[in-house]
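# Observations on the model geometry
What follows is the residue order along each chain.
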Amino acid sequence: MALSKIQTTTGTALPEELGKTLVHEHLLVGFPGWELDARAPKFKRAEAMARAKDQLQELIGLGVSTFVDPCPMDMGRDVEFLAEASQASGMRIICTTGAYFEAQGNTMTFRHLPLEEITDIYIQEVEDGIGETGIKAGAIKIATGLRVVTDYERKLVTAAARAAKATGVPIISHTEGATCGHDQIDIAAGEGLPMGQLLVGHSDGTTDHWYQRSLVERGAFIGFDRFGISLFQSDEVRIANMMKLIEAGHLDKILVSHDSISCWLGRPMPYAPTWDALQAMLPDWRSSHLLKNIVPKLRERGLTERDIDTLLVDNPRRLFSTGLNCC
Ligand SMILES: [Zn+2]
């Protein structure tokens, strides 16, 4: 039986309460094994919390009211940190169940568990909560690697589709190099998941308009969700490709975000040897960049306030409410 409300780290919300939403951001991320790196700077929780609170309050000042952190279970997910940051800042935060792709995830356990058990674990984290925390996942994360979906990834994506169908929560995906979006759609659609419940993430990492257009033409949401990460794509290309999709009539399928990371657990390998070096390399990669710098550029390109609200309010609301039995 599908849920009737959206689950957040601090309770439930109605779709119309989400408001301006960033659908893919992170407070904490650590690559699997980060705790092995004894030479990395020690994680200081209080400092990380203060930093997260400042960033979230800056976003509230910019009109954002919901922050979705689709951290996979195996990338340092800490839902109590998220709930505490939510309470400290006043920002609504949604967390996820689900795991990362095979080449970069912590794969030993799920490699050996059958599909049915992984499905049940995802459902349990949505319906009953994560560990002993009582905090429930409000979405499911999936991830596939570069160009080829491995058997491991296929099993996890299938489990996610079944769990999303059973509970009504959406799926938020990771793709590598903007590849395998169609495989994600094929698997989810094959399990009977409505495509309005699937966000094919990181699809802005290509110049290929036709790849992007073919995803939305199948009914999925598309993520232009790495604004500020010039390492993968320039914002100018992201904006130009978004405008092409909008001109083709797909404004209602685009979701925007940054995939920002407030604090790293361990070192931000493989991208840079230190967090400061990474920030110096990517000065715009912060969760306020869209509202401060990109939205004005979208207005210059002719988008109206209504169009901006479609991107930041209506589309996230529809992603999170498609599967609910409330509306
Ligand atoms: Zn991410």
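See the structure shown above.
Residues numbered from 1 in each chain as written. Predicted model: local features only at pLDDT ≥ 70, side-chain atom pairs only at ≥ 80, totals over all residues.

The next thing to look at is the overall build of the protein. Looking only at helices and strands, one finds 11 helices and 12 strands in the protein. Computed over its C-alpha atoms, the radius of gyration of the protein comes to 18 Å, within 12% of the 20 Å expected for a compact globule of 327 residues. Overall, the protein is about 50 × 45 × 35 Å in size when its C-alpha atoms are taken along their principal axes. Within the protein, the proportion of its 327 residues that are buried is 48%. Within the protein, counting contacts between residues at least 6 apart in sequence, those at least 24 apart form 81% of the total. (Helix = DSSP H or I, 4+ residues; strand = E, 2+ residues; numbered from the N terminus. Rg over C-alpha atoms; globule rule 2.2 N^0.38 Å. Buried ≥ 20, exposed ≤ 12 C-beta atoms within 10 Å, placed from the backbone. Contact = placed C-beta atoms within 7 Å.)

All right, on to the packing of helix α5 (residues 151–167) against helix α6 (residues 181–190) then. Geometry of a packed helix pair, given as the angle between the helix axes and the separation of the axes. Between α5 and α6, whose axes approach to 9 Å, the crossing angle comes to 50°. Relative to α6, the element α5 lies oblique. Where α5 crosses over α6, the handedness of that crossing is right-handed. Contacts between α5 and α6 involve Arg154, Val157, Thr158 and Ala161 from the first element and Gln184, Ile187 and Ala188 from the second. Its residues assigned to classes, the contact of α5 with α6 shows 4 nonpolar, 2 polar and 1 charged. (Axes fitted to C-alpha atoms, helices over the stretch in contact; angles between N-to-C directions. Parallel < 35°, antiparallel > 145°, perpendicular 65-115°, else oblique. Left-handed = near helix turned anticlockwise from the far one by under 90°. Nonpolar A, V, L, I, M, F, W, Y, C, P; charged D, E, K, R; others polar.)

This part is about helix α4 (residues 115–127). Taking 1.5 Å of rise per residue, the 13 residues of α4 would be expected to cover 18 Å, and the 18 Å separating its terminal C-alpha atoms lies within 8% of that figure. Taken residue by residue, α4 has Ile118, Thr119, Tyr122, Ile123, Glu125 and Val126 as its buried positions. Taken down its axis, α4 places every buried residue within 160° of arc, on the same side. Along α4, exposed side chains directed more than 90 degrees from the buried face belong to Glu116 and Glu117. Buried residues belonging to α4 abut β6 (92–97), α3 (108–112), β7 (139–143) and α5. A positive backbone phi angle near 120° is found at glycine 129, which sits one or two residues after α4. (Expected span 1.5 Å × (residues − 1). Arc of directions from axis to C-beta.)

What follows concerns α6. Residues spaced three or four apart along an α-helix face the same direction, because each turn holds 3.6 residues. Residues of α6 that are buried include every one of Gly181, Gln184, Ile185, Ile187 and Ala188, and no others. Taken down its axis, α6 places every buried residue within 165° of arc, on the same side. Where the residues of α6 are buried, they touch β7, α5, β8 (171–174), β9 (198–200) and α7 (209–217). Remark: glycine 192 follows α6 within two positions and exhibits a positive phi of approximately 85°.

Let us look at the sheet that holds strand β11 (residues 254–256). The 8 strands lie next to each other as β3-β5-β6-β7-β8-β9-β10-β11, forming an open sheet whose pairing is parallel. Edge positions in the open sheet fall to β3 (20–22) and β11, since each of these has one partner strand only. Averaged over all pairs of adjacent strands, the angle between strand axes in this sheet comes to 30°, irrespective of strand direction. (Pairing = 2+ DSSP bridges.)

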